[in-house]
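Structural overview for review
The lines below spell out each chain.
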Amino acid sequence: MKRYCLALDLIHDEQLIEEYKAHHKAVWPEIKSSITDSGIENMEIYLFGNRLFMIMDVNNNFSFEAKGKADDENTKVQEWETLMWKYQQALPGAKPGEKWILMDQIFKL
C-alpha cells in the first residue's frame, strides 16, 4: 500500500467553506465509486482555515494517470469537479488548471 498527501486551498469565505464541508458530508455515490474503483482504499481530507490536506492510501492498481483518464470520461465526476471548483482555488505556484498538489514527504518516524 502506498500513501499520497495532497494540498489545495478553498476560497477564503466562511459561507463557501461551510457549503464545501456540507457537500463532503454527502458525497455523491458515483464519486465514492470513482474513488474506490481507481484503487484508492482510504481517503481523508482535513481543513485548517482555508487550506485542505488530503491523505490517500492506494493499492497497487492505482495510478494518477489512470484515475485522471477515468475521471475525464465520467460525466458525474466532471459535474462534481465543476461544482467543487466553485469553492476551491489553486495553491500559489500551481500550474494552470492544476488543483490538488502532491506534497513531498520530508520526514517519517
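Coordinates for the structure precede this section.
Summarised in this report is the structure supplied together with it.

Calculation notes
Residues numbered from 1 in each chain as written. Predicted model: local features only at pLDDT ≥ 70, side-chain atom pairs only at ≥ 80, totals over all residues. Heavy atoms only, no water. Helix = DSSP H or I, 4+ residues; strand = E, 2+ residues; numbered from the N terminus. Rg over C-alpha atoms; globule rule 2.2 N^0.38 Å. Buried < 20%, exposed > 50% of the residue type's maximum accessible area, 1.4 Å probe, protein only. Contact = heavy atoms within 4.5 Å. Pairing = 2+ DSSP bridges. Axes fitted to C-alpha atoms, helices over the stretch in contact; angles between N-to-C directions. Parallel < 35°, antiparallel > 145°, perpendicular 65-115°, else oblique. Nonpolar A, V, L, I, M, F, W, Y, C, P; charged D, E, K, R; others polar. Polar contact = N/O pair within 3.5 Å; in protein donor to acceptor, adjacent residues only side chain to side chain.

**Overview of the overall build of the chain**
Assigned secondary structure in the chain consists of 4 helices and 5 strands. Element order for the chain, N to C, with α for helix and β for strand: β-α-α-β-β-α-α-β-β. Taking 13 Å as the expected radius of gyration for a compact globule of 109 residues, we find that the chain reaches 14 Å, a close match to that expectation. Overall, the C-alpha framework of the chain stretches about 40 × 40 × 30 Å when taken along its three principal axes. Residues classed as buried in the chain amount to 30% of the 109 residues present. Contacts spanning at least 24 positions in sequence make up 70% of the contacts within the chain whose residues lie at least 6 apart.

**Some thoughts on the pairing of strand S1 (residues 2-10)**
Of the strand pairs in this sheet, S1 and strand S3 (residues 51-58) are connected by 8 bridges, and their pairing is antiparallel. Counterpart to Leu-8 in the pairing with S3 is Leu-52. Note: S1 against strand S5 (residues 101-102), 2 bridges, orientation antiparallel. Looking at S5, one finds that Leu-6 is bridged to Leu-102.

**Considering the packing of helix H2 (residues 29-37) against helix H4 (residues 75-85)**
Two elements in contact, H2 and H4, have axes whose closest approach is 9 Å; the angle formed by their N-to-C orientations is 110°. Here H2 is positioned roughly perpendicular relative to H4, judged by the angle of their axes. Residues Glu-30, Ile-31 and Ser-34 of H2 form the contact with H4, whose own contacting residues are Lys-76, Val-77 and Trp-80. Here the contact of H2 with H4 is built from residues that sort into 3 nonpolar, 1 polar and 2 charged.

**As for the side chain of Ser-38**
Counting through the fold element by element, Ser-38 comes out in the loop between H2 and strand S2 (40-48). A polar atom in the side chain of Ser-38 sits 2.7 Å from the backbone oxygen of Ile-35. Every residue in contact with Ser-38, bar those within four places of it in the chain, is listed here: Asn-61, Phe-62 and Lys-67.

**Points about the pairing of S3**
Along a regular strand, successive side chains alternate from one face of the sheet to the other. Of all 8 residues in S3, 6 are buried, a share of seventy percent or more. Joining the antiparallel neighbours S2 and S3 is a turn of 2 residues, in which Gly-49 adopts a positive phi near 60°.

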